[in-house]
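# Breakdown of the fold
Here are the chains, one letter per residue:
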Amino acid sequence: MSLPERRADLRELSSYHSPQVDVPVRLNTNESPYPPPPEFVDAWLQALREVPLNRYPDRTVRLLREALADTNPFDCSAEQVFCGNGSNEVLQTLLLVYGGLGRSALVFEPTYSLHSHIARVTGTEVVIGERSSDLTISPTEATALIAAKRPAVVFICSPNNPTGISETRATVEALLSAVIDHGSGILVVDEAYGEFSDWSARELVSDDLPLVVTRTYSKVWSLAAVRLGFAVGPTEVIANLNEFVLPYHLSASTQAAGLCALDFTNEMQKRVEMIVSERERLAAALGRLPGITVYPSGANFLLVRALGLDLWSQLVGRGVLVRDFSTRPRLEDCLRITIGTPEENTILISTIAAILEETNL
Ligand SMILES: *Cc1c(COP(=O)(O)O)cnc(C)c1O
C-alpha cells in the first residue's frame, strides 16, 4: 500500500509543538495558573442545558459578537467582531482570506512562531523582518521592508511572545501608515496578552483603516480548554472572514462559554492584577540573581537570559518546567517563564537561586 505524500510545500515544515513534561511546577505555556470561578462553570452548564442540541448553532454568533462589541472599551459594533476557535483560528481565517498563493505575510522575529507557521500552511510566503537589539520593532526598518515586499498581511504581536515587550502606539501607527502607503495589505496586531498591557491597538480600529486586532480567551479568561478567540476590525474585513470560515465553525457550547465569561469580568480583572503583581515580584527577585537578565514584560510571562548555564534542563531536573528558547536566533540562553501562583513562583525563585549557588561552587 502506498499513501500519498503531503503537499510539496509542507514537506519541510514541522508541526508546532510545545514540549510537555509531567513535573510538579509547569510554567511553560502561558496559561492562567487559576481556573475560572465555579459560578462561571455553573452558569455555562445552565446555558448549555437550554441549547437545542439537534440544531446547528447560530452561524452568525450574534449574541457573543454583540456582547463583545459592548464590552469593547472603544466604539465598536457587532459587525466589527469575528469569533473563532481560539485566536489561532482567527489568524488562520485571516490568512486564508487575505494571504495564500502569490501573497506574503511579514513577521518580526523573534515572535510567536504560529504566525509564520499558519502562513506557510495556508500557502502564504513568509517574509522575515528582524527586531532591533533591544528586541523592539524599528519603525524605519519595518517601513522599508513593507515598501520593498508589499506583504498582504503584516503581523505584530504586542505584548510580544516570547519577549514580553509591548510595541508603542507610535510604532503601530507607523506600521499602519506604511501598510496604507505601500500597498493593499492588512496590519494584524495579536493582543493575546493585551489585558496585561497599558494600551490597546483596538482604539485605532475603524472601518476605513486596514487594521485588525486579535484577542483570546485562552490566557486572561482562564479558558484555554474552551478554544475561543476574536478579532476586532473593519466591517468589510470581518464580513469577508465570516463569509469564508467554515459554516457553523463555532459550537453552541463555545459561544455560550464566551457569553457567560463576560459576566465575570471583575474576577478576570482581579486575576490579571494578581498576575501582574506576581510578575513584578518575580522580575525583581530574578533580577537580583547573579548572571540573570530579565527583560521588561507587559504580559503574563518573563523572558530571562541566563548565560551559559543550561538552566532549562537543570530546572526540569528539579521539577520546574519552563519554555526553552535558547536555540532561537537572538534568544541564545533565554527561557520564557509563565507567571504561576505565588507558591509556584516562590519555588521557581528558590530553585534558580539553588542552581546558581551550586554552579558557583
Ligand atoms: C497564546 C497565544 C495565542 C492564543 O491562541 P489561542 O488559539 O487563542 O489559544 C495567540 N497569540 C499569541 C501570541 C499567543 O501567545
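The structure displayed is predicted, hence computed values, not measured ones.

### What to know about the packing of helix H3 (residues 86-98) against helix H7 (residues 235-244)
- In the contact formed by H3 and H7, the axes pass within 9 Å of each other and the chain directions differ by 95°. The angle between the axes of H3 and H7 places the two elements in the roughly perpendicular class. Taking contact as the criterion, the partners of Thr93, Leu94, Val97 and Tyr98 in H3 are, on H7, Glu236, Val237, Asn240, Leu241 and Phe244.

### Remarks on the packing of aromatic side chains
- Counted under the stated rule, the structure contains six aromatic pairs.
- For the ring pair Phe40 and Trp44, a centre distance of 5.8 Å and an interplane angle of 25° mean the geometry is stacked. Of this pair, Phe40 and Trp44 both sit in helix H1 (residues 38-49), four residues apart, roughly one helical turn. Trp44 matches Phe40 in its accessibility class, with the two residues each being buried.
- Summarising the aromatic geometry, the rings of Tyr217 and Trp221 are spaced 5.4 Å apart at their centres and angled 25° between planes, so their arrangement reads as stacked.
- With relative accessibility at 0%, the residue Tyr217 sits in the buried group.
- Given a relative accessible area of 8%, Trp221 falls into the buried group.
- Residue placement shows Arg59 over the ring face of Tyr248; its charged tip is 5.8 Å from the ring centre.

### Digging into the environment of Asp333
- Structurally, Asp333 can be placed in the loop between strand E12 (323-324) and strand E13 (334-338).
- A residue is classified by how much of its surface remains accessible, and Asp333, at 29% relative accessible area, is partly exposed.
- For the pair Asp333 and Leu68, spaced 265 residues apart in sequence, the C-alpha separation works out to 40 Å.
- Residue contacts for Asp333: discarding those within four places in its chain leaves Val304, Arg305, Ala306, Leu307, Gly308 and Ser326.

### Remarks on the pattern of salt bridges
- The tally for this structure, following the rule as stated, stands at 14 salt bridges.
- A salt bridge links Arg7 to Asp9, with the shortest nitrogen-to-oxygen separation between them at 2.8 Å.
- The class of Arg7 is partly exposed, set by a relative accessible area of 41%.
- Here Glu173 ties to Arg169 by a salt bridge, and the two come within 3.1 Å at their closest N and O atoms. Here Glu173 pairs with Arg169, and both are found in helix H6 (residues 169-181), just four residues apart, close to one helical turn.
- Three or more residues joined by partner-sharing salt bridges are found here, namely Arg169, Glu173 and Glu203.

Thresholds, definitions, all that
- Starting from 1, residues in each chain are numbered consecutively following that chain's sequence as written.
- Side-chain atom pairs in this predicted model are given and counted only at pLDDT of 80 or more, local residue features only at pLDDT of at least 70, and totals for whole chains, interfaces and linings cover all residues.
- Only hydrogens and water are removed before side-chain values are computed, so all heavy atoms of the structure are retained for them.
- Note on geometry: axes are lines fitted to C-alpha atoms, helical ones only across the stretch in contact, with angles between N-to-C directions running from 0 to 180 degrees.
- Starting at the N terminus, helices and strands are each numbered in turn, a helix being any DSSP run of H or I of at least four residues and a strand any DSSP run of E of at least two.
- We call two directions roughly parallel when the angle between them is under 35 degrees, roughly antiparallel when it is over 145, roughly perpendicular when it lies between 65 and 115, and oblique otherwise.
- Contacts are assigned to residue pairs with any non-hydrogen atoms lying within 4.5 Å of each other.
- Stacked, tilted and edge-to-face are the three classes applied to pairs of Phe, Tyr and Trp rings, where Trp contributes its six-membered ring and a pair requires centres within 6.5 Å; stacked means planes under 30 degrees apart, edge-to-face means over 60, and tilted covers the rest.
- Under the scheme applied here, a residue whose accessible area is under 20% of the maximum for its type counts as buried, over 50% as exposed, and between as partly exposed, the area being computed with a 1.4 Å probe on protein chains only.
- Should the NZ of a Lys or the CZ of an Arg lie within 6 Å of a ring centre and within 35 degrees of the ring normal, that charge is described as sitting over the ring.
- The working definition used for a salt bridge is a side-chain nitrogen of Lys or Arg within 4 Å of a carboxyl oxygen of Asp or Glu.

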